[in-house]
There are 2 protein chains.
Amino acid sequence: MTEEQRRLIEAKTLVIKALAHPTRLYIVEELAHGEKCVCEFVDAVKADFSTVSKHLLVLKNAGLVTDEKRGQQVFYRLRMCCVPNFIECIGNLLPLPEKS
Amino acid sequence: MTEEQRRLIEAKTLVIKALAHPTRLYIVEELAHGEKCVCEFVDAVKADFSTVSKHLLVLKNAGLVTDEKRGQQVFYRLRMCCVPNFIECIGNLLPLPEKS
DNA sequence: TAAATATTTGGCTAAAATGCCAAATACGGT
DNA sequence: ACCGTATTTGGCATTTTAGCCAAATATTTA
């Protein structure tokens, strides 16, 4: 594996890492239906305002979403639009809950 | 968000978490071209045999790959075939490396 | 059955991710 | 300028993840 390949893989990993959290995955799924502001997520997710804000920052740094400030609110929208499709595919292939 | 929705999201998150590591992402990309055995990855990834084995276990538990023992080797193959497509899409939308 | 190869498992330390609180910042209205 | 709402940032304690080594297991060959 070359150095160049390694860099590319690590860049992609950053994006996937950003998705790899229930709250963030939920946020992305919501954004698939259109932009939302931070406070709308705080209501749905039961977490601190600052926690939600940090999750959104992770998504933004990964390039998954973009943000736009309008008035005192910040609106987020999905940038990587292939994600919802992928999430749905995963849902269809989910391993069956193991019988214990 | 209902309890049912939460369970579903967490199940999907497990799959994505499994992808969220450079070595594991690399393995999945390789498996897109056909099955491979553990030792083949050990050569390519510079990590301990046991480390690679554990990464493969994570992928298997997530339902991303399946394994089959033949002789003294274990061959892994990709189960969630929508993944390579998604990885490619991410590659195309990667945020540009920030100019510092 | 002993030796060699391929792989997994247990355990332990180091590193990274999470989430809360408190404080800072930004903006609009009074 | 002051207050209230929306959001971000800093800091810290807790949890999770990673990766190595050593040991265990499995299978083929001598």
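Everything below is about the structure shown above.
Read on for a plain summary of the structure. (Residues numbered from 1 in each chain as written. Chains lettered and ligands numbered in written order. Predicted model: local features only at pLDDT ≥ 70, side-chain atom pairs only at ≥ 80, totals over all residues. Heavy atoms only, no water.)

## Considerations on the relation of the copies chain B and chain A
Consideration 1: Here chain B sits on chain A after a turn of 180 degrees about the axis and a move of 0.0 Å along it, with an RMSD of 0.0 Å. Viewed as a symmetry operation, the transformation between the two copies matches a two-fold axis.
Consideration 2: A shared binding surface is used by both copies, with 100% of the interface residues of chain B retained as interface residues in chain A. (Least-squares fit on C-alpha atoms with pLDDT ≥ 70 in both. Contact = heavy atoms within 4.5 Å.)

## Remarks on the packing of aromatic side chains
Consideration 1: A complete count under the given rule lists 1 aromatic pair over all chains for this structure.
Consideration 2: Between Phe86 of chain A and Phe86 of chain B the ring centres are 3.7 Å apart and the planes differ by 5 degrees, which places this aromatic pair in the stacked class. Residue Phe86 of chain A is found in helix α5 (residues 83-93), and its partner Phe86 of chain B is found in helix α5 (residues 83-93); the two belong to separate chains.
Consideration 3: In this structure, Arg70 of chain B packs its charged tip against the face of Phe75 of chain B, placed 4.2 Å from the ring centre. (Phe/Tyr/Trp six-rings, centres within 6.5 Å; stacked < 30°, edge-to-face > 60°. Helix = DSSP H or I, 4+ residues; strand = E, 2+ residues; numbered from the N terminus. Lys NZ or Arg CZ within 6 Å of the ring centre and 35° of its normal.)

## Regarding the environment of Ile27 of chain B
Residues and elements named next belong to chain B.
Consideration 1: Secondary-structure assignment places Ile27 in helix α2 (residues 22-31).
Consideration 2: What makes Ile27 buried here is its relative accessible area of 0%.
Consideration 3: In this structure the C-alpha to C-alpha distance between Ile27 and Arg79, which are 52 residues apart in sequence, comes to 13 Å.
Consideration 4: Excluding its chain neighbours within four sequence positions, the residues that come into contact with Ile27 are Phe41, His55, Leu56 and Leu59. (Buried < 20%, exposed > 50% of the residue type's maximum accessible area, 1.4 Å probe, protein only.)

## A few points about the sheet that holds strand β2 (residues 65-70) of chain B
Residues and elements named next belong to chain B.
Consideration 1: One open sheet accounts for 3 strands, arranged β1-β3-β2; its pairing is antiparallel. Edge positions in the sheet fall to β1 (36-37) and β2, since each of these pairs with one other strand and no more.
Consideration 2: Pairing analysis gives 6 bridges linking β2 to strand β3 (residues 73-78), with the strands arranged antiparallel. Following the sheet pairing, Arg70 is matched in β3 by Gln73.
Consideration 3: Seen against the sheet, α2 touches β1, β2 and β3 and runs at an angle of roughly 85 degrees to β3. (Pairing = 2+ DSSP bridges. Axes fitted to C-alpha atoms, helices over the stretch in contact; angles between N-to-C directions.)

## With respect to the sheet that holds strand β2 (residues 65-70) of chain A
All names here are of chain A.
Consideration 1: Judged by pairing direction, the sheet is antiparallel, and its 3 strands sit side by side in the order β1-β3-β2 without closing on themselves. In the strand order of this sheet, the two ends are held by β1 (36-37) and β2, each with one partner.
Consideration 2: Together, β1, β2 and β3 (73-78) form the strand contacts of helix α2 (residues 22-31), whose direction differs from that of β3 by roughly 85 degrees.

## Considering the protein's contact with DNA strand D
Consideration 1: DNA strand D sits among 24 residues. The nearest are Ser53, Lys54, Gln72 and Tyr76 of chain A together with His55 of chain B.
Consideration 2: Among the atoms of DNA strand D close to the protein, meaning within 4 Å, 65% are from sugar or phosphate groups.
Consideration 3: Note that a phosphate oxygen of DNA strand D is positioned 3.4 Å from one of the backbone N or O atoms of Val38 of chain A.
Consideration 4: Arg24 of chain B has a polar side-chain atom sitting 3.2 Å from a phosphate oxygen of DNA strand D.
Consideration 5: Every element with two or more residues in the surface near DNA strand D is listed here: α3 (38-44), α4 (49-61) and β3 of chain A together with α4 (49-61) of chain B.
Consideration 6: It is α4 of chain A that contributes the most residues to the surface near DNA strand D, 5 residues altogether.
Consideration 7: Looking at the surface near DNA strand D, its residues break down into 8 nonpolar, 10 polar and 6 charged. (Near = heavy atom within 4 Å. Polar contact = N/O pair within 3.5 Å; in protein donor to acceptor, adjacent residues only side chain to side chain. Nonpolar A, V, L, I, M, F, W, Y, C, P; charged D, E, K, R; others polar.)

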